[in-house]
Each structure stands twice: as C-alpha cells, then as structure tokens.
Amino acid sequence: MIQAKGMAAPTSKAPLKPYTFERRDPKDHDVVIDIKYCGICHSDIHMVRDEWGPGHFPMVPGHEIAGVVRAVGPKVTKYKVGDHVGVGCLVDSCAECAHCKQDLEQYCMEGQTLTYGSMERDGSGITQGGYSNVIVVKESFVVRIPDSLPLDKAAPLLCAGITLYSPLAHWKAGPGKKVAIMGLGGLGHMGVKLAKAMGAEVTVLSHSESKRDDALKLGADRFVLTKNADAFKDNAMYFDLIINTVSSADLEMAHYFSLLKLDGTLVSVGAPDKPLSVNVFPLILMRRNFAGSAIGGLKETQEMLDFCAKHNITPEIELITPDQVNVAYERVLKSDVRYRFVLDMGKI
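Okay, so let's go over this structure. (Residues numbered from 1 in each chain as written. Predicted model: local features only at pLDDT ≥ 70, side-chain atom pairs only at ≥ 80, totals over all residues. Heavy atoms only, no water.)

**A few points about the overall build of the protein**
Keep this limit in mind: Runs of E in the DSSP output that reach at least two residues are strands. Runs of H or I that reach at least four are helices, and both are numbered from the N terminus. C-alpha atoms define the radius of gyration, and 2.2 Å times the number of residues to the power 0.38 defines the globule rule. Think of it in three bands: with a 1.4 Å probe and only protein chains considered, a residue is buried below 20% of the maximum accessible area for its type, exposed above 50%, and partly exposed in between. Per-residue and other accessible areas were derived by the Shrake-Rupley procedure at a 1.4 Å probe size, with only the shown protein chains allowed to occlude residues. Residues counted as positive are Lys and Arg, residues counted as negative are Asp and Glu, and His and the chain ends are not counted. Every charge is mapped onto a representative atom, which is NZ of Lys, CZ of Arg, CG of Asp or CD of Glu.
Scanning the protein from N- to C-terminus turns up 10 helices and 17 strands. In terms of C-alpha radius of gyration, the protein reaches 20 Å, essentially the compact-globule figure of 20 Å for 348 residues. For the protein, buried positions account for 54% of its 348 residues. Surface summary for the protein: the accessible area is close to 15100 Å², and the carbon and sulfur share equals 52%. Seen as two clouds, the 39 positive and the 41 negative side-chain charges of the protein have centres 3 Å apart.

**Points about helix 9 (residues 298–311)**
Owing to its 3.6 residues per turn, the α-helix aligns residues three or four sequence positions apart on the same side. The condition is simple: A helix is expected to span 1.5 Å for every residue after the first. Throughout, a contact is declared for two residues whenever any of their heavy atoms are within 4.5 Å.
The end-to-end C-alpha distance of helix 9 is 20 Å, a good match for the 20 Å that 14 residues give at a rise of 1.5 Å each. The set of residues buried in helix 9 consists of Leu 298, Glu 300, Thr 301, Gln 302, Met 304, Leu 305, Phe 307 and Cys 308. On the buried face of helix 9, the contacting elements are strand 9 (143–144), helix 3 (160–170) and helix 4 (188–198). Just past helix 9, the residue Asn 312 takes up positive phi, approximately 55°.

**With respect to the sheet that holds strand 11 (residues 201–206)**
Hydrogen bonds between backbone atoms are what pair the strands of a sheet, whose relative direction is either parallel or antiparallel. Threshold: Any two strands with at least two DSSP bridges between them are considered paired. Every axis in this analysis is a line fitted to C-alpha atoms, fitted for helices over the stretch in contact. Angles between the N-to-C directions lie between 0 and 180 degrees.
Strand order in this open sheet of six strands is 12-11-10-13-14-15, and the pairing throughout is parallel. Looking at strand neighbours, the two that pair on one side only are strand 12 (222–225) and strand 15 (289–292), the edges of this open sheet. Neighbour to neighbour, the strand axes of the sheet diverge by 20° on average, direction disregarded. Looking at chain direction, strand 11 and strand 12 are connected through four bridges and run parallel. Directly across from Ser 206, in strand 12, lies its bridge partner Leu 225.

**Description of the pattern of salt bridges**
Quick reminder of the rule: One speaks of a salt bridge when a side-chain nitrogen belonging to Lys or Arg is within 4 Å of a carboxyl oxygen belonging to Asp or Glu.
Within the structure shown, the criterion is met by 20 salt bridges. Across the pair Glu 64 and Arg 340 runs a salt bridge, and its minimum N-O distance is 2.6 Å. You can see Glu 64 sitting in the loop between helix 1 (42–48) and strand 4 (65–72) and its partner Arg 340 sitting in strand 17 (residues 340–344), a full 276 residues away along the chain. Side by side, Glu 64 and Arg 340 carry an identical accessibility label, which is buried. Linking Arg 287 and Asp 263 is a salt bridge whose minimum nitrogen-to-oxygen distance equals 2.6 Å. Taken together, the positions of Arg 287 in the loop between helix 8 (281–284) and strand 15 and Asp 263 in strand 14 (residues 260–268) put the pair 24 residues apart, joining distant regions of the chain. Residue classification places Arg 287 among the exposed residues on the basis of a relative accessible area of 53%.

**Some points on the side chain of Glu 139**
Considering the arrangement of structural elements, one finds Glu 139 in the loop between strand 8 (134–138) and strand 9. Excluding anything up to four places from it in sequence, Glu 139 contacts His 29, Asp 30, Val 31, Lys 75, Val 76, Thr 77, Lys 78 and Tyr 79.

**Some details on the state of the cysteines**
Stated formally: Cysteine sulfur atoms that come within 2.5 Å of each other are treated as a disulfide pair.
What the rule picks out here adds up to zero disulfides. The thiol of Cys 100 is not disulfide-bonded; the next cysteine sulfur, from Cys 97, is found 3.6 Å away.

**Some remarks on the packing of aromatic side chains**
For clarity, the cut-off: Two aromatic rings, drawn from Phe, Tyr or Trp (for Trp, its six-membered ring), form a pair once their centres lie within 6.5 Å of each other, and the interplanar angle then sorts them: stacked below 30 degrees, edge-to-face above 60, tilted otherwise. Look at NZ for Lys and CZ for Arg. If either is within 6 Å of the ring centre and within 35 degrees of the ring normal, a charge sits over the ring.
As enumerated under the stated definition, the model contains five aromatic pairs in all. When the ring of Phe 232 is compared with that of Tyr 256, the centres are 5.1 Å apart and the planes differ by 90°; the resulting orientation is edge-to-face. Within this pair, whereas Phe 232 is found in helix 6 (residues 231–234), its partner Tyr 256 is found in helix 7 (residues 253–257), the two being separated by 24 residues in sequence. A single burial state applies to Phe 232 and to Tyr 256, both of which are buried. Positioned above the aromatic ring of Tyr 238, the side-chain terminus of Arg 222 is 4.4 Å from the ring centre.

Pasting the structure below:
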C-alpha cells in the first residue's frame with residue numbers, strides 16, 4: 001500500500017484536520033499521481049456537511065486534481081513518469097452501458113464512481129479525494145494537462161472548467177449566439193471566459209453591482225444588474241442560452257425564463273440544497289427549455305483542456321496552504337474569493 005496524507009473531515013460537518021491513510025498499489029492499468037494542487041469546489045462543502053445526503057467519513061474531499069505522474073502500472077500506455085496530468089470528478093464507471101460507450105461516463109447508467117465519497121466498484125473501500133499528496137487512478141480516468149497550462153491554474157478546470165464547457169458546447173454557444181451567465185463566482189467566471197472564446201456574445205446576470213467591473217474585465221460584453229426594477233423587462237426574449245451557476249433555491253425562475261427567446265434554453269449547473277420552485281407557464285408560452293447539465297466525460301474533459309490551452313484560458317485563483325482550508329470554506333460561503341481557491345498540496 002502507498003502511504004498518503006491529506007486533510008479530512010472526521011465526521012459530518014466537522015472541520016477538516018490532517019489525516020493519514022493508504023492508497024492501493026498500482027494495478028496493471030493504474031497511474032500513481034503526486035498531487036501538486038487541488039481546487040476547492042462548493043460541492044466539497046456540500047459533501048462534507050451532508051447537504052446532498054449521508055456521506056462516508058472520514059472524508060478527504062477534492063476533485064480538481066493537478067499533478068505529476070510518479071509511477072504507472074505495467075500495461076499503461078498513455079502516460080509516463082513525469083507527465084502533467086489531472087483527475088476530475090470521476091475515477092471509474094461501468095464502461096459497458098450505452099452512455100459510457102458514447103464517452104458520457106458522467107451519466108453512467110449503473111452509477112459513476114466519484115473521486116471521493118463513493119464505494120469502489122470492486123467493493124474494496126471508499127474513494128478519497130485530492131486534498132492529499134498522492135492518488136492512484138485508472139489510466140482511462142486520467143487526463144493530460146497541456147504544458148502551457150500552469151498546474152495550479154489547471155486544477156479548477158477539472159470541475160469548474162468542464163462544468164461550464166460541457167453545456168456551452170452541447171447547446172452550441174458560438175458566433176451569432178447570445179449567452180448569459182447567471183452568477184459570477186467560481187463557475188460563472190469560467191463560463192464568461194469559455195463562452196467568449198467560443199465566439200458568443202456574453203452577458204453576466206448578477207444581483208451584485210460589485211461584480212460589474214470584473215465581469216467586463218473577464219470578457220463579458222454586457223452586465224445586467226438583476227435587482228434593478230427594469231432588468232428583466234429590458235432584456236425580455238433576448239438570450240439563446242442562459243447558464244445558471246447559482247446554488248440558491250430562492251431564485252424566481254420565471255423571471256429568468258422570460259429572458260429566453262423562442263426555443264431558448266436555461267441550463268442549471270449550480271446545485272441548490274433545496275428544490276427550486278418552477279412556474280411552467282413562461283416555458284410553455286414560448287417553447288422554452290429548462291435543462292440540467294453535469295460535468296463532461298473524459299473525452300470532452302480532454303477537449304476542454306486543449307481548448308483552454310489553445311485560447312490561453314485559465315481560472316482566477318487564490319493559492320492557499322492546506323491548513324487554511326477551513327477558513328477558505330467559510331469564505332466560499334460568503335462569496336469572498338475571486339474566484340477559486342486552490343490548495344498547494346506540496347505544503348501538506
């Protein structure tokens with residue numbers, strides 16, 4: 001077994017503490033990765049606090065992993081020692097269902113294996129994530145990080161980046177399309193950069209005037225302050241596509257549906273911990289669509305990384321040490337980060 005050290009929540013809702021544990025020795029198709037950086041995702045906080053259902057503890061969170069290959073199993077063909085690689089939200093799937101065979105492992109019909117908090121498919125234990133110094137992952141669930149992407153800034157691309165890239169690509173954001181991003185946080189700021197690079201006209205919808213300057217600096221063409229009385233009236237039936245990155249369940253969704261053109265689509269990628277209340281009449285009356293989207297599969301994640309390298313797209317990050325993780329969690333909940341925390345796992 002490989003000795004590992006990390007930061008774990010010993011019980012539900014408990015502060016994270018130093019934790020030592022074991023990783024498996026590499027099997028034939030496994031890659032051993034020295035983790036250099038791991039991003040903090042809002043979903044880590046939800047999981048640690050049992051807000052999405054009962055979790056397995058102790059829990060080592062983290063699914064935005066960037067590192068360097070330490071060793072490979074004897075049958076690994078894609079990677080070698082020293083390669084820059086990443087691991088996102090998934091470390092396994094059934095590989096046999098119709099979705100997996102379409103490179104849509106994130107929608108595995110038998111249930112995907114998450115990077116942390118999931119039972120291993122062979123029943124050997126619970127997966128532990130990237131707030132640690134080393135991880136062992138199947139070759140097919142590892143992606144290559146292009147050399148032009150710094151590892152610290154590449155880490156959040158493995159969740160925040162692909163979470164926005166996948167719906168933007170699926171609903172064909174590009175030249176001639178008017179795209180709105182709801183919320184300018186860890187997810188939303190990546191949506192602005194990606195949609196702009198795809199050639200779309202990009203608008204940020206935010207309730208905070210303090211985000212206006214950042215939105216425009218990040219590449220947005222327009223900024224709409226949604227708490228203004230005329231914001232929804234002035235932008236009615238304007239957008240082809242709206243991506244909702246907000247995790248609040250208190251949104252009046254009918255107002256946002258009214259911003260869509262005929263046949264427009266609003267896609268939720270933010271996951272509130274309570275159900276949304278949805279009035280369907282704005283959807284019915286303009287044949288609008290309300291959809292959801294998760295991350296991408298492994299093929300699309302690699303496509304996203306290559307796209308980011310080509311267009312020089314990286315997230316805005318604040319680099320912190322692992323012992324600052326609990327303070328970072330509180331700051332995330334207060335939206336006090338511009339725009340993604342990244343843990344320097346070399347300082348574990």
